[in-house]
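Residue strings, one per chain:
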Amino acid sequence: VRWLKPDDDVVDLLAPYTSVSRHGRGPRPHVLANMVGGLDGTAAISGRVGALSDPTDARLFRELRSVADVVLVGAETVRRERYGPVRLDDALRAQRTAVGRAPVPRLAVVTRSLQLDWSVPLFADADPAAAPIIVTCADADPARLADAEQHADVVVAGASSVDVGRALGELHALGASVVLCEGGPRLLGELVAADLLDELCLSIAPVMGGDPLPVAIVPGGGDLARFRLAHALVEESTLFLRYEHVR
Ligand SMILES: NC(=O)c1ccc[n+]([C@@H]2O[C@H](COP(=O)([O-])OP(=O)(O)OC[C@H]3O[C@@H](n4cnc5c(N)ncnc54)[C@H](OP(=O)(O)O)[C@@H]3O)[C@@H](O)[C@H]2O)c1
């Protein structure tokens, strides 16, 4: 047991996250997730992340996207959080293009229902270099599927529901080496259950009493996924933790 002693100030918030080497694992990308939870593990307050995320966490949320080729998110989070297109500032865009990456990552939405509003900026105003992706399954409604194809690149991975392992394989085939999952808890839980989560960035906000929704809803009965703490940053009463999956 040891104290987490205050060390040097973190000058660049993103540096502890970008200095990590992320190699894909064979035919799939490296998968990291970024989530924020309260002290009781809650992942939302009245259905939104809202007050769980302080300005520093919100900045980390925006800037951590720069490490990814694809941002993967569940449809319910897109609907509730009114997701927009991924935006990065000029400096982060330039860093990416300098090493041959697209200026911003593509956003991939996992959905069976395909009940999404195609007129919202996420689809209508996406960066031309980063067209959105819909990840769905073969049993999806054909009319809705045809509609989706007008507004996004569609990946079909699985029969009656999306097989997250196959979905990651398809994203890898599209050129993604690093996939950042931004939740929600249901999608994240599926990745954990399939042993596909390599890294978790978890901010702990100093609040209790939000929705009874944990940061990950992992279908029970499987093995425990184990992690090692890779870094812990603190600002006032919020912790910024980064864990790596131990295999
Ligand atoms: N604290 C945080 O960091 C954080 C992060 C993200 C979200 N949130 C909160 O989490 C809540 C939403 O999360 P959630 O867990 O309810 O939902 P979610 O994981 O965002 O989305 C679930 C939806 O994704 C689609 N989906 C997921 N797995 C699928 C599969 N295997 N096959 C086909 N479709 C699949 C389905 O969409 P369809 O219904 O379209 O078929 C499903 O209803 C919101 O309150 C949000 O504010 C918190």
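Quick caveat: nothing in here was measured; it's all calculated off a predicted structure.

A. Structural view of the pattern of salt bridges. All told, the structure shown has 15 salt bridges when counted by the stated rule. Here glutamate 199 and arginine 22 are joined by a salt bridge, their closest N and O atoms 2.8 Å apart. With glutamate 199 in strand E7 (residues 199-204) and arginine 22 in the loop between helix H1 (15-18) and strand E1 (30-37), this pair connects stretches of sequence that are 177 residues apart. Across the pair aspartate 198 and arginine 247 runs a salt bridge, and its minimum N-O distance is 3.1 Å. Linking aspartate 198 in the loop between helix H8 (185-193) and E7 with arginine 247 in the segment after strand E9 (238-246), this pair joins segments that are 49 residues apart in sequence. Classification of aspartate 198 as buried rests on a relative accessible area of 4%. When salt bridges with common partners are traced through the structure, they connect Arg22, Glu199, Arg228, Arg242 and Glu244 into a single cluster.

B. Representation of the sheet that holds E9 within the structure. Strand order in this open sheet of 9 strands is E5-E4-E3-E2-E6-E1-E7-E9-E8, and the pairing throughout is mixed. Here the strands that pair on one side only, and so sit at the sheet edges, are strand E5 (153-156) and strand E8 (226-235). With direction set aside, neighbouring strand axes in the sheet form an average angle of 20 degrees. Where strand E3 (residues 106-110) lies against strand E4 (residues 133-136), 3 bridges are found, and the strand directions are parallel.

C. Layout of the site of the ligand. Taken together, 27 residues form the shell around the ligand, and within it Val36, Thr77, Glu81, Ser113 and Glu190 come nearest. In the model, an oxygen atom of the ligand is placed 3.3 Å from a nitrogen or oxygen of the alanine 75 main chain. Between the ligand and the protein, one listed contact pairs an oxygen atom with a backbone N or O atom of arginine 112 at 2.9 Å. Isolated, the ligand exposes 920 Å² of accessible area, and the fraction of that covered by the protein chains is 88%. At the level of elements, E1, helix H3 (75-81) and H8 are the ones that each hand at least two residues to the shell around the ligand. In the shell around the ligand, the residues fall into 11 nonpolar, 7 polar and 9 charged.

D. Up close: the pairing of E3. Counted residue by residue, E3 has 5 buried out of 5 residues, so it is predominantly covered. Neither face of E3 is left uncovered, since the one carrying Arg106, Ala108 and Val110 and the one carrying Leu107 and Val109 both have all their residues buried. When strand E2 (residues 70-74) meets E3, the two strands line up parallel, connected through 5 bridges. Across the sheet, the residue bridging to glycine 74 is valine 110, located in E3.

Calculation rules
In this numbering scheme, every chain counts its residues from 1 along its sequence in written order. Totals for whole chains, interfaces and linings use all residues, but because this is a predicted model, local features are given only for residues with pLDDT of at least 70 and pairs of side-chain atoms are given and counted only at 80 or more. Values reported for side chains reflect all heavy atoms of the structure, with hydrogen atoms and water molecules removed beforehand. Counted as salt bridges are all cases of a side-chain nitrogen of Lys or Arg within 4 Å of a carboxyl oxygen of Asp or Glu. A helix here means a DSSP run of H or I that spans at least four residues, while a strand means a run of E at least two residues long, and both kinds are numbered starting from the N terminus. Burial classes: relative accessible area under 20% of the type maximum marks a residue as buried, over 50% as exposed, and values in between as partly exposed (1.4 Å probe, protein chains only). Note on pairing: DSSP must find at least two bridges between two strands before they are called paired. All axes are obtained by fitting lines to C-alpha atoms, using only the stretch in contact for helices, and the reported angles, taken between N-to-C directions, cover 0 to 180 degrees. Put simply, a residue is near a molecule or strand once any heavy atom of it comes within 4 Å of that molecule or strand. Polar contact criterion, stated in full: a pair of N or O atoms within 3.5 Å, where within protein one must be able to donate a hydrogen and the other to accept it, and residues adjacent in sequence count only if both atoms are side-chain atoms. Methods summary: accessible areas were calculated by the Shrake-Rupley approach with a probe of 1.4 Å, and residue burial reflects only the protein chains presented. Side-chain classes are defined by residue name, with Ala, Val, Leu, Ile, Met, Phe, Trp, Tyr, Cys and Pro counting as nonpolar, Asp, Glu, Lys and Arg as charged, and the others, Gly among them, as polar.

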